[in-house]
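Residue-level structure breakdown
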Amino acid sequence: MLGIWLSVILLTLYILYSYITRVKYNAPGPSNWPVFGCLFQLESSRLHFSFDRWAKKFGPLMLCKMGSTNVYVISCPRVIKKAFAEKGYSDILNDRPDTFLAKYIMDDSKGVIFGKYGPTFIRLRKIMYNGLKMYGVGVQQFESMAHKELERVIQSISDLGEKDFDPKPILSRSLANLIGILLTGSMVDESDADLIWKYNNSFNDTFEMSTEVMLYTFPFLRFMPVEMGRRYRRLMGAKKELLDKFYFLHKKTYVPGCERGLIDALFNLQSQDKSGGNTQWLTDSQIKAFIQDIIVAGLLTTRNGLLCILLVLLHHHECVDRMYEEIVDVVGLERTPSLKDKPSMPYTEALILEVLRYVTHAPLGVPHGAMEDVELEGYKIPKGSKIITNIWTAHHDPAIWGDPWVFRPDRFLDDNGELLPPEHTLRQSLVTFGTGKRVCVGENLAKSRIFLYLTTLIQKFDLRLPKGGTVPSDDPRAFLPGALLRPQDYMMRLTVR
Ligand code: HEM
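Analysis parameters
- Residues numbered from 1 in each chain as written.
- Predicted model: local features only at pLDDT ≥ 70, side-chain atom pairs only at ≥ 80, totals over all residues.
- Heavy atoms only, no water.
- Near = heavy atom within 4 Å.
- Polar contact = N/O pair within 3.5 Å; in protein donor to acceptor, adjacent residues only side chain to side chain.
- Helix = DSSP H or I, 4+ residues; strand = E, 2+ residues; numbered from the N terminus.
- Nonpolar A, V, L, I, M, F, W, Y, C, P; charged D, E, K, R; others polar.
- UniProt positions renumbered as here; feature names shortened; annotations may be inferred.
- Buried < 20%, exposed > 50% of the residue type's maximum accessible area, 1.4 Å probe, protein only.
- Patch = residues over 30% accessible without salt bridge, like charges linked within 9 Å, V, L, I, M, F, W, Y side chains within 5 Å.
- Areas by Shrake-Rupley, 256 points an atom, 1.4 Å probe, with all protein chains shown as cover.
- Salt bridge = Lys/Arg side-chain N within 4 Å of Asp/Glu carboxyl O.
- Lys, Arg positive; Asp, Glu negative; His and termini not counted.
- Charge placed at Lys NZ, Arg CZ, Asp CG, Glu CD.
- Pairing = 2+ DSSP bridges.
- Contact = heavy atoms within 4.5 Å.
- Axes fitted to C-alpha atoms, helices over the stretch in contact; angles between N-to-C directions.

1. Some words on the site of the ligand
- The local shell around the ligand holds 23 residues, among which Arg96, Arg125, His368, Arg438 and Cys440 are the closest.
- Contact distances for the ligand include 3.5 Å between an oxygen atom and a backbone N or O atom of Val112.
- Measuring from an oxygen atom of the ligand, one finds a side-chain N or O atom of Arg125 at 2.6 Å.
- Secondary-structure elements contributing two or more residues to the shell around the ligand are helix 5 (119–138), helix 12 (284–315) and helix 18 (443–460).
- The class makeup of the residues in the shell around the ligand is twelve nonpolar, eight polar and three charged.

Right, dumping it as structure tokens:
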């Protein structure tokens, strides 16, 4: 009897609680369980599917309670831009929420990706932005090293002699080399490339949403003999190995004034800060977090992007032919494509934009946090809420794109075959890299790497299905789940032109 009464009282309290919180934070959203919120209704490895389903029912701004956290999900480009880029909102909604990884792996949010919004973060972000511009896109020395790396890739593919091959290990190795060049000024050897990938893979295992939520709620689990504890310990081991090599060893061999890459540039800045009397100098923890940021944000995003593009092209050979025609017209066959060619190659640019839209391989971006109470689209977002950018739904909304599940690069071209201008509604609706004050720092670097890899490969080789016949579907709804999507493993063939 007592049990029944207790259940009735708890149920009444729960209904009252839901009513009060819904009235106070009145954005629509799925129903919530006490304590757990909507956690049991989520497809944890494919959160973007759940959010997509709910966005169709509840609209562009909805509240999904996860445990005790208010999670607001924004699913349309207009509201995403308003929240993160418009005055009145952008100073409030561009924080990062507290997470397990930020606290325990990134030494209390020391770097850029997980950095709390404020003057220190703004300075760090600027340093990273300028560093990537200097070492990533603009500098001749980096460009020529990157070209050498591409030549190495071309050579190893040619050596295969038109055999079927899996593009994943080749791209993984090559992109680790590029990150190595960026950080240290020279190519990394096999064992260093392994260190980079070991850290990156362990990070992604722990970044997986359900592991992150459990570890954040019950941090003691990191010491327990359970799978998520093991993941954490693996990550800490990989972090130590990575920093021993890329931070401590580099520091030991550092010669002031000499710049072998981004890490030396950071050491130089640190000593300038100190000698110039800047009390807010760049700390060792911040430099370590920088190194981790670049690997975590720069590697898998670009590799998965390239894997998606190659698979999509295997399904759309007519697009390969059009790209090849453009390469022959603009670059010719004598020299390798360079970034200077990009503005004269609208079809290739449109194709890259369309793949980034169609596959949306970072479907939920990186969570934001609210620093103050704010009203958005008539709903109250309370201080401390988490905000998720639902890029997946924004990129597949039929009201914007018409036929979102059709891969069609021409949608980004005008009647004269020119790329639509950046202010065009469709270009404005593309939010692959986020927007506003937390827009991806590596956007230009990522786009330029994708452009160079793709054009160099297509100039030299024709893309072919593997001899035995088929490849997995290029429909992104069938891609492997995770914070970053990727296609099932596949084989392909490149035949020399
Ligand atoms: C195709 C490749 C890439 C995609 C799709 C991508 C996407 C994103 C997205 C969606 C965000 C979150 C934006 C937000 O918070 O609203 C982000 C943040 C970030 N990305 Fe990328 N990214 C890519 C490549 C890169 C590369 C190559 C680097 C650097 C080497 C990089 C560095 C960063 C950093 C540092 C942040 C955090 C910015 C901040 O918190 O202020 N990304 N990226």
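After that view of the structure, there is still more to cover.
2. Remarks on the UniProt feature "binding site: heme" (unreviewed entry) in the protein chain
- Under the local residue numbering, the UniProt record ascribes the feature "binding site: heme" (unreviewed entry) to Cys440.
- Inspection of the secondary structure puts Cys440 in the loop between helix 17 (425–428) and helix 18.
- For Cys440, a relative accessible area of 34% translates into the label partly exposed.

3. Notes on a negative patch on the surface
- A contiguous patch of negative charge, built from Glu318, Asp321, Glu325 and Asp329, is present on the exposed surface.
- Mapped onto the fold, Asp329 is located in helix 13 (residues 317–330).
- Since its relative accessible area comes to 68%, Asp329 is described here as exposed.

4. Some details on unusual backbone geometry
- A positive phi angle, near 65°, is found at Glu162, a position not held by glycine.
- Assignment of secondary structure puts Glu162 in the loop between helix 6 (140–159) and helix 7 (167–184).
- What makes Glu162 partly exposed here is its relative accessible area of 33%.
- In this structure, Glu377 takes a positive phi of about 55° despite not being glycine.
- Tracing the sequence through the fold places Glu377 in the loop between strand 4 (374–376) and strand 5 (379–381).

5. A word on the pattern of salt bridges
- Throughout the structure, instances matching the rule amount to 30 salt bridges.
- Here Asp98 ties to Lys116 by a salt bridge, and the two come within 2.9 Å at their closest N and O atoms. Taken as a pair, Asp98 in the loop between helix 3 (77–85) and helix 4 (100–105) and Lys116 in the loop between helix 4 and helix 5 lie far apart in primary sequence, 18 residues in all.
- Overall, the relative accessible area of 46% leaves Asp98 in the partly exposed class.
- Residue classification places Lys116 among the partly exposed positions, given a relative accessible area of 33%.
- Notably, a salt bridge pairs Lys342 with Glu349, separated by 3.8 Å at the nearest N-O pair.
- If you follow the salt bridges from partner to partner, you end up with Glu354, Arg357, Asp403, Arg408 and Arg411 in one network.

6. Notes on the sheet that holds strand 3 (residues 368–369)
- With mixed pairing, four strands are arranged side by side in an open sheet as 1-2-6-3. Every other strand in the sheet has two partners, leaving strand 1 (61–66) and strand 3 as the edge strands with one partner each.
- Looking at chain direction, strand 2 (residues 69–74) and strand 6 (residues 386–389) are connected through four bridges and run parallel. Among the inter-strand pairings, Val73 is bridged to a residue of strand 6, identified as Ile388.
- Sitting on the sheet, helix 2 (residues 47–58) is in contact with strand 1, strand 2 and strand 6, with an inclination near 130° to strand 1.

7. What to know about the side chain of Asn200
- Its location among the elements puts Asn200 in helix 8 (residues 190–207).
- Excluding anything up to four places from it in sequence, Asn200 contacts Ile295, Val296, Leu299 and Leu300.

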